[in-house]
Amino acid sequence: MPYQNRRSTYTTFILVFVVIKVVLNLFAISHFGFQRDELLHLALGDHLDWGYKEVPPFIAVLAKVTTVVFGSSVFAARIFSTICAGLIVWLVGLVTVELGGKMFAITLACLSFIFAPAFVASDYLFQPVVFDQLWWILAVWLIIKYINHHSVKYLYILGVVIGIGLLTKYTMGFFTIALILGLLLTKQRKLLLNRHVLGAAAVAFLIFLPNLIWQFQHHLPIITHMKTLQKNQLNYIKPADFIMQQISVNGIALFLWLIGFGFLLFSFKLRKFQFLAFAYVLIFIFLMEMSGKNYYIFGAYPMLFAAGAYAFERWINVKHTALRALVVCLFTLPNLVMFPMLLPVLPLKPTLSFFDFVNKHTHFMKFITVWEDRKNHATSQDYGDMFGWDELTQKVAKVYYSLTPEQRKNTQIFADNYGEAGALHHFGKQYNLPETASLGSSFTLWAPDNLDAKYIIYVDDWGGKNIARLAPVLVSYKKVDEIENPLAVEKGTGIYFIETKPQLNIGYKKELAQKRME
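A brief look at the structure comes next. Here the structure is a predicted model, which is why all the values come from computation and not from measurement.

Calculation notes
- Residues numbered from 1 in each chain as written.
- Predicted model: local features only at pLDDT ≥ 70, side-chain atom pairs only at ≥ 80, totals over all residues.
- Heavy atoms only, no water.
- Salt bridge = Lys/Arg side-chain N within 4 Å of Asp/Glu carboxyl O.
- Helix = DSSP H or I, 4+ residues; strand = E, 2+ residues; numbered from the N terminus.
- Polar contact = N/O pair within 3.5 Å; in protein donor to acceptor, adjacent residues only side chain to side chain.
- Contact = heavy atoms within 4.5 Å.
- Pairing = 2+ DSSP bridges.
- Axes fitted to C-alpha atoms, helices over the stretch in contact; angles between N-to-C directions.
- Phe/Tyr/Trp six-rings, centres within 6.5 Å; stacked < 30°, edge-to-face > 60°.
- Buried < 20%, exposed > 50% of the residue type's maximum accessible area, 1.4 Å probe, protein only.
- Lys NZ or Arg CZ within 6 Å of the ring centre and 35° of its normal.

## Things to note about the pattern of salt bridges
Move 1: Evaluation of the coordinates by the stated rule reveals 11 salt bridges.
Move 2: Linked by salt bridges that have partners in common, Glu391, Lys395, Asp481 and Glu484 make up one network.

## Quick word on the side chain of Asn417
Move 1: Examined against the element boundaries, Asn417 turns out to sit in the loop between strand S1 (411-415) and helix H23 (418-427).
Move 2: At a separation of 2.6 Å, a polar atom in the side chain of Asn417 contacts the side chain of Asp461.
Move 3: Setting aside residues up to four positions removed in sequence, Asn417 forms contacts with Arg36, Ser438, Asp461 and Glu490.

## Looking at the sheet that holds strand S2 (residues 436-438)
Move 1: On the basis of which strands lie adjacent, the open sheet formed by five strands has the order S2-S1-S3-S5-S4 and mixed pairing. The sheet is open, and its two edges are formed by S2 and strand S4 (474-482), each paired on a single side. The average angle at which neighbouring strand axes cross in this sheet is 30 degrees, direction not considered.
Move 2: As judged from the seven bridges shared by S4 and strand S5 (residues 494-500), these two strands associate in the antiparallel manner.

## Section: the packing of aromatic side chains
Move 1: Applying the stated criterion across every chain yields a total of 33 aromatic pairs.
Move 2: A ring pair is formed by Phe174 and Phe286, whose centres lie 4.7 Å apart and whose planes are at 50 degrees; its orientation type is tilted. With Phe174 in helix H10 (residues 171-184) and Phe286 in helix H15 (residues 274-289), this residue pair connects regions lying 112 residues apart in the sequence.
Move 3: Given a relative accessible area of 34%, Phe174 falls into the partly exposed group.
Move 4: Between Phe355 and Tyr383, the aromatic rings sit 5.7 Å apart at their centres with planes inclined by 85 degrees, giving edge-to-face as the arrangement. Residue Phe355 is found in helix H19 (residues 348-361), and its partner Tyr383 is found in helix H20 (residues 381-384); the two are separated by 28 residues along the sequence.
Move 5: In this structure Phe355 comes out as buried when scored by relative accessible area, which is 1%.
Move 6: Over the ring of Phe268 we find Arg271, and its NZ or CZ is 4.0 Å from the ring centre.

This is a description of form; function is not addressed.
Put into structure tokens, the structure is as follows:
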């Protein structure tokens, strides 16, 4: 039986690939700067609660631990993400072993995962997505362990994992439902008749309950957030786009996970785990119909890599060492072409040269530098979101300290979006700036009740359009600076010094009340 194939040396062997993943992340960990979303998540850590507008509370707790234990640097912020990425590789290896794989299968599965573009790009930033992937593959490993060993402890640990997963990202709920439906469609449905499954479900529910209560107390902001995403972003993702994205996100490893999917679905050797193939189909169809972002489903691919690697090990005899080595190279080396554009392992100057070469000499990869404005830029948009934040804070601080002490007492700082607000919150501590007010994202939850200072330093990311809209409730306004970094997504974001009328606060309070009800 597959689960009887065990060697203690596999633990050490898998650790080799964990080290590779961690070392690669360490090469990139301090390059460039904080990404926009990272600044939001760090700000959440300073306002701990059981929920937020966009995400459950797990990322905020990690942010708090990060700043207290490791500090406030870019390196510190990405430590947990790097550890988590290593754990995912570890679990890819463990799942491969549980399916019956040996050293060749472990090598193929782990290296394909490490160099797959989807996971190179998503597994180093301080964002919920990498932790979401961890809970998905851990849940799969626990179910497989239970099927192989029939120990109920795996079911209760699974309940804990699902509960924490729901506190990390709500997509864990979709995957859990897909796994249950997948089990119902196969002979493994008998697993669900175990009374301990109900116990595990109770554990998951109790862990998730505080966030659920918070959601109802705050008028279910997740629904509003999803509606906003649907209107502003997801509405533009067509089923054909989602399908093409899933075909391309893993690069050459596409063929490995497709084979893994087929092997789970049709192979007699993996018949006990056929439910994983059905779970993938169900979560794929659901996210496609919901116009989900391509990374929502990333957590489902590691199990397919493991199954695909096991399939190749079954097909290629151990005597054919050269052929096995060729297969490993085939599913890893081609993905290295995009590596510096997905993970900032190089300093800025050679990275820019690499992007420039790609833009000039390759047509099929130009999409990487196309931003939301549909124009080609010097880097990817993910990289572009890492520039300009320290410059913004420095320039706001310059304006603030150019004021007289009396003026500073009557000055507030306001930012249009959560990236700007997060940057001013994080870097502003160095300059002893007052807390930034914003109605962007979760900043609404702790925004001041009044925007009634005589003077406001206003960060406008709409090229002055918001300031022009507010002109009737202002005594005066003047653009005093802007973000000038040519690589920054926020290039051109203006910094204005305004003198207010009382009517501004009336409009602010009305908008704040409306956003807090959403």
